[in-house]
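# Descriptive structure summary
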Amino acid sequence: MTSAEMKAVREAANLSETQDEIFTDLCRGDLYNYAICQRRAIDARAFYRQKKLIEEKCARVLPALGMDYLLSQK
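In this report, we go over the structure that sits alongside the text. (Residues numbered from 1 in each chain as written. Predicted model: local features only at pLDDT ≥ 70, side-chain atom pairs only at ≥ 80, totals over all residues. Heavy atoms only, no water.)

### Focus on the overall build of the protein
Put simply, the rule is: Labels follow the DSSP assignment, with helices taken as runs of H or I lasting at least four residues and strands as runs of E lasting at least two, numbered in each case from the N terminus. Just to be clear, the radius of gyration here is over C-alpha atoms, and the globule rule we use is 2.2 Å times residues to the power 0.38. The buried label applies to any residue whose accessible area, calculated with a 1.4 Å probe on protein chains only, is under 20% of its type's maximum; exposed applies above 50%, and partly exposed to all values in between. Contacts between residues were defined by any pair of non-hydrogen atoms, one from each residue, lying within 4.5 Å. Areas reported as accessible are Shrake-Rupley estimates using a 1.4 Å probe. Residue values count occlusion only from the protein chains shown. His is not counted, nor are the chain ends; Lys and Arg add positive charge and Asp and Glu add negative charge. In plain terms, the charge of a residue is placed at NZ if it is Lys, CZ if Arg, CG if Asp and CD if Glu.
Helix and strand counts for the protein stand at 4 helices and 0 strands. Counted from the first residue to the last, the protein has its helices and strands arranged as α-α-α-α. By the compact-globule yardstick of 11 Å for 74 residues, the protein fits well, its C-alpha radius of gyration being 12 Å. When its C-alpha atoms are laid out on the principal axes, the protein stretches across 35 × 20 × 20 Å. Within the protein, buried positions represent 30% of all 74 residues. Intrachain contacts of the protein at a sequence separation of at least 6 include 49% that bridge at least 24 residues. Surface accessibility of the protein: about 5100 Å² in total, with carbon and sulfur atoms responsible for 50%. Where the 12 positive side-chain charges of the protein centre and where its 11 negative ones centre are 4 Å apart.

What follows is the structure, given as structure tokens:
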């Protein structure tokens, strides 16, 4: 995902501050989930709850932004 795509998704998805930080870490792709939990000092359950919300928000806004091709990337 390019930085322009990330910015468009962030704005359209209306992510909270915590969700935005997690989204950024996930997009970087150099950290595993547990490393993001440690970096952000959050419980694993809270992380996965936020991650699920981020994925749901992104799935709703990507088609509206014309970025359906990003849905197939994980």
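### Here's the deal with the environment of Leu15
Locating Leu15 in the fold gives a position in the loop between α1 (3–13) and α2 (17–28). Judged by relative accessible area, Leu15 falls into the buried class, the value being 14%. When the C-alpha atoms of Leu15 and Glu5 are compared, they prove to be 15 Å apart, with 10 residues separating the residues in sequence. Filtering out sequence-adjacent residues up to four positions away, Leu15 remains in contact with Arg10, Asp20, Phe23, Ile54 and Lys57.

### A short note on the state of the cysteines
To keep things clear, this is the line we draw: Any two cysteine sulfur atoms lying within 2.5 Å of each other are counted as a disulfide.
A complete count under the given rule lists 0 disulfides for this structure. The cysteine Cys58 is free of any disulfide, with Cys27 supplying the nearest cysteine sulfur at 7.3 Å. Classification of Cys58 by relative accessible area gives buried; the value is 10%.

### Looking at α2
Since there are 3.6 residues in each turn of an α-helix, residues three or four apart along the chain are aligned in direction. So the rule is basically this: By this rule, a helix spans an expected 1.5 Å times one less than how many residues it contains. Relevant arc is that of directions from the helix axis to the C-beta atoms, nothing else.
Between its first and last C-alpha, α2 extends 17 Å over 12 residues, near the 16 Å set by a 1.5 Å rise per residue. Within α2 the residues assigned to the buried category are Gln19, Ile22, Phe23 and Asp25. Buried residues along α2 cover an arc of 165 degrees about the axis, so they all sit on one side. Those residues of α2 that are buried lie in contact with α1, α3 (33–40) and α4 (44–65). Following α2 by one or two positions, Gly29 has its phi on the positive side, about 80 degrees.

### Topic: the pattern of salt bridges
Spelled out, the test is: Here, a salt bridge means any Lys or Arg side-chain nitrogen found within 4 Å of an Asp or Glu carboxyl oxygen.
For the structure shown, the criterion picks out 5 salt bridges. In this structure, Asp25 engages Arg40 in a salt bridge whose closest nitrogen and oxygen atoms are separated by 2.9 Å. Of this pair, Asp25 sits in helix α2 while Arg40 sits in helix α3, and the two are 15 residues apart along the sequence. We classify Arg40 as partly exposed; its relative accessible area is 29%. The residue Asp30 makes a salt bridge to Arg28 at a minimum N-O spacing of 2.7 Å. Through salt bridges that share partners, Glu21, Asp25, Arg39 and Arg40 make up one connected network.

Purely geometric stuff here, so don't read any function into it on its own.
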